[in-house]
Amino acid sequence: MNDISSANIHITGIVQGVGFRPFVYGLAIRLGLKGWVKNTSAGVEIQVDGTAEIILSFIRSLKSELPSLARIDSIEFDFEAPREFSSFEIINSESLVGAFQPISPDVSICPDCLRELLDPHDRRYRYPFINCTNCGPRFTIITDIPYDRSNTTMAPFVMCPDCAAEYTNPLNRRFHAQPVACPVCGPQAWLEAADGHRIAERNDAILSAQELLANGKIIAIKGLGGFHLACDALNIEAVSELRRRKLRVDKPFALMMPDLKAVDEQCDMNELERALLESRQRPIVLLQRRPGSPIVAEVAPNQMTIGVMLPYTPFHYLLFTRESGVGLHSFDIRPLVMTSGNLSDEPIATDNDEARLKLASLADAFLFHDRDIQTRCDDSVTRIPFFKENGRTVSKEEKIKTSIYFLRRSRGYAPDPLQLPFEVPELLATGPELKNTFCVTRKRYAFISHHIGDMENYETMQSFEEGVKHFERLFRINPGAIVCDFHPDYLSSRYAFRRSQQDNIPLIRVQHHHAHIAACMADNDLPDHHLVIGLAFDGTGYGEDGAIWGGEFLVADYAAYQRSFHLDYFPLPGGDAAIKRPARIALALLWQLGIDWDDQLAPVKDLCFEERQALRIQLERGLNTPRTSSMGRLFDAAAALAGLRQRVNYEAQAAIEFEAVLDPLESGAYLFIVRENLVDVREAFRGLLEDVAFGVSIPRISARFHNGLVVLSRQVCASLRSTTGINEVALSGGVWQNMALLVRTVQGLRKDGFNVLIHHQIPANDGGLSLGQAMVGANRYGS
Ligand SMILES: [Zn+2]
Ligand SMILES: [Zn+2]
């Protein structure tokens, strides 16, 4: 047992750019082991001489004392003859052909760096690019693996002797911190007027920016994954002006607040929401706005919630602090609107020249810096649905993991891979049209991209193609097949056709709602050949019969699905264009149900006589009126008929506002009837119209509509359980962003004894679709 041998240890997981090698070094020194550690493009490799007993204890400690940002997915080791090393060293990285490994997402500034940032005696005092192995940019600056400075956008900055000394000292917090920099050698910030002249440099730039913001100006600020447009969130003129310039009528803006204390003044929060806000990913968290909060209503019109995030880069912290001696707790800077720096539908700007060109009409000034952004990455958006506690005590971090609900998964999370329940071939799944993400798979990993956006213009398509290339290169993926949506006209599908022809590999087309349910299954780590009841409720998805689906009750596994029940079809006059006009959807639904267009109904009043005539002719002749079973459109119709909203200016606005007004004390429910495999909504809408005629309030109508759908879902699930014996229900699709519907349905189904699966790692909306496509694709590949 005391004989010296040597162990070769190979580790995979998130082990680069997270202080892993210094950790290994410290551990080896502590245990008196000699040898080396190095990064490879497949992970980390260690060779140590020592007794078997000490080596085994070393391996145990690697797992148990892991640095907080690191994650080990596997450790393999072999014992060999001793190599007779004389010391322990960190040696040069090695690039192995075809090998791959996960890459860390960007990490918010750590407490040590924050302390130094605000310490007037520190050499990095108020230096906006301070970072260490525990924090800083990662994914957004990496150009290739292995993760070394030369493979990042920090490559052009040559380290000064002080930084180099920290970088090479294994005992220093900045040992091999690839983006290490200081005011002498690193990137710098400056403030530039819209006409191109420099207003101020370095720290003065930040102070001048604060002054402009205080005076109601709009500033484009270069961040981690792109530009933000910022303005004072308490200044109604500034916020309205930003809306006007951005051509954004009602869609909510996100806010950045200096600290939790400031958030407390504006929002109600529970412990989990606080923890999520403070987590190192620093997502936007949707919170209940406090009545009487001074945040102007124009930030998020007609909503009960606002999206809030805390500062996540040193740059942000400086924006919220005055110079010299002022500690973190004496901010006099107000909450800022921080919205993506783009014109409504285009991708967020990342490059300085691109920003000068595209944001010139939006911003009064630019706060630039000269560190390039390799990968565009928008802020992530999350919330915590409130379920009754099940009494299990777990750590806060574990609790967040099982409670978080994504509306957008991007900065701070991408490109962290999801671990899959089984090994899959190398595939590329190109995702949906709206809220696009794509996904590449390899072994038991699914790398889901950052948020790409709505693929409706050339700029977004270009961003998508660059993203795909970058991921395939970064993770050394050579797809054996391309997977795409059934919709032939999606730009992502067209790209898939092209790629499959160019590369001469198979194309696998996956139905939209099947992909949603498969995504939810993989999100919950379900094994292969496992059937679930899937409630795929969303706005738009191409059906195999050419209709627009979206109110679907499926029985599915990864391989196939059966469409067991669905909302009965109604016409959608003008197809996708109808989405902007809930009033027209409402009238089309009434027409289908054989209910008269009463003059008193809000949607009837919204259309002039001529438009109603034209609509009736269109419906009777079936001109450009695809049939739909969309749950999203059913919400539009209900919200319009209730008198809430007849026209929308952003996706799902009517449904979101309908949920926001819901009266939580109302327990009535409209009656949805199931006939054969169809859900008949006639009785439900008759009930709704009766309530409207009797002057029942919109909040109560909203509650009855939501409650009716909960009853319907429970009924259909019970009926499917009795015929199939399946006791698991997966909820996926954009409609499940509706918290009232989600929480009530989950609680109802649990009461009925179902095991309910909801999303926790990826969004329920189309932002999670690419994972489901990949899972179905993997199942069909080669068969
Ligand atoms: Zn740090
Ligand atoms: Zn330096």
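Residues numbered from 1 in each chain as written. Chains lettered and ligands numbered in written order. Predicted model: local features only at pLDDT ≥ 70, side-chain atom pairs only at ≥ 80, totals over all residues. Heavy atoms only, no water.

## Some details on the nonpolar core
Formed by 73 residues in total, the largest nonpolar core has its most connected members in L634, F685, F705 and L731. Residues in contact with F685, not counting those within four places in the same chain, are L589, L593, L634, A637, A638, L641 and F705. (Core = buried A, V, L, I, M, F, W, Y, C linked by side-chain atoms within 4.5 Å. Buried < 20%, exposed > 50% of the residue type's maximum accessible area, 1.4 Å probe, protein only. Contact = heavy atoms within 4.5 Å.)

## Remarks on the coordination of the zinc ion (ligand 2)
The zinc ion (ligand 2) binds to the protein through C160 (SG), C163 (SG), C182 (SG) and C185 (SG), with metal-donor distances spanning 2.3 Å. Considering all four donor atoms around the zinc ion (ligand 2), the spread of angles at the metal, 104 to 115 degrees, places the coordination shape in the tetrahedral class. Counting residues between consecutive donors of the zinc ion (ligand 2) along the chain gives the motif C-x2-C-x18-C-x2-C. The exposure class assigned to C185 is buried, which follows from its relative accessible area of 10%. (Donors = N, O, S within 2.8 Å, 3.2 Å for Na, K, Ca; no water. Tetrahedral: all angles 85-135°; square planar, octahedral: opposite > 155°, others 65-115°.)

## Description of the packing of helix 15 (residues 582-593) against helix 20 (residues 682-693)
One way to put it is that helix 15 packs onto helix 20 with a least axis distance of 11 Å and a crossing angle of 120 degrees. If you check the angle between helix 15 and helix 20, you find them oblique. In the crossing of helix 15 with helix 20, the sense of the turn from one axis to the other is left-handed. Residue-level inspection shows L589, L590, Q592 and L593 of helix 15 in contact with helix 20, the latter providing R682, F685 and L689. Here the residues of the contact of helix 15 with helix 20 are counted per class, giving five nonpolar, one polar and one charged. (Axes fitted to C-alpha atoms, helices over the stretch in contact; angles between N-to-C directions. Helix = DSSP H or I, 4+ residues; strand = E, 2+ residues; numbered from the N terminus. Parallel < 35°, antiparallel > 145°, perpendicular 65-115°, else oblique. Left-handed = near helix turned anticlockwise from the far one by under 90°. Nonpolar A, V, L, I, M, F, W, Y, C, P; charged D, E, K, R; others polar.)

## Considering the pairing of strand 6 (residues 189-193)
Most of strand 6 sits out of view: five of its five residues are buried. Judged by which residues are buried, strand 6 turns out to be covered on both faces: A189, L191 and A193 on one side and W190 and E192 on the other are all buried. Bridge count for strand 6 against strand 15 (residues 365-369) is five bridges, and the pairing is antiparallel. Note on strand 15: the bridge partner recorded for E192 is F366. With three bridges connecting them, strand 6 and strand 7 (residues 198-201) associate as antiparallel partners. When the sheet's bridge partners are listed, L191 is paired in strand 7 with A200. (Pairing = 2+ DSSP bridges.)

## With respect to the coordination of the zinc ion (ligand 1)
Six octahedral donors around a metal ideally subtend angles of 90 or 180 degrees, whereas four tetrahedral donors ideally subtend 109.5 degrees. For the zinc ion (ligand 1), every protein donor is listed as C110 (SG), C113 (SG), C132 (SG) and C135 (SG), and the spread of their distances is 2.2 to 2.3 Å. If you look at the zinc ion (ligand 1), its four donor atoms make angles of 103 to 118 degrees with each other, and the shape they trace is tetrahedral. Read from N- to C-terminus, the donor residues coordinating the zinc ion (ligand 1) fall into the pattern C-x2-C-x18-C-x2-C. Note on accessibility: C110 and C113 belong to one class, buried.

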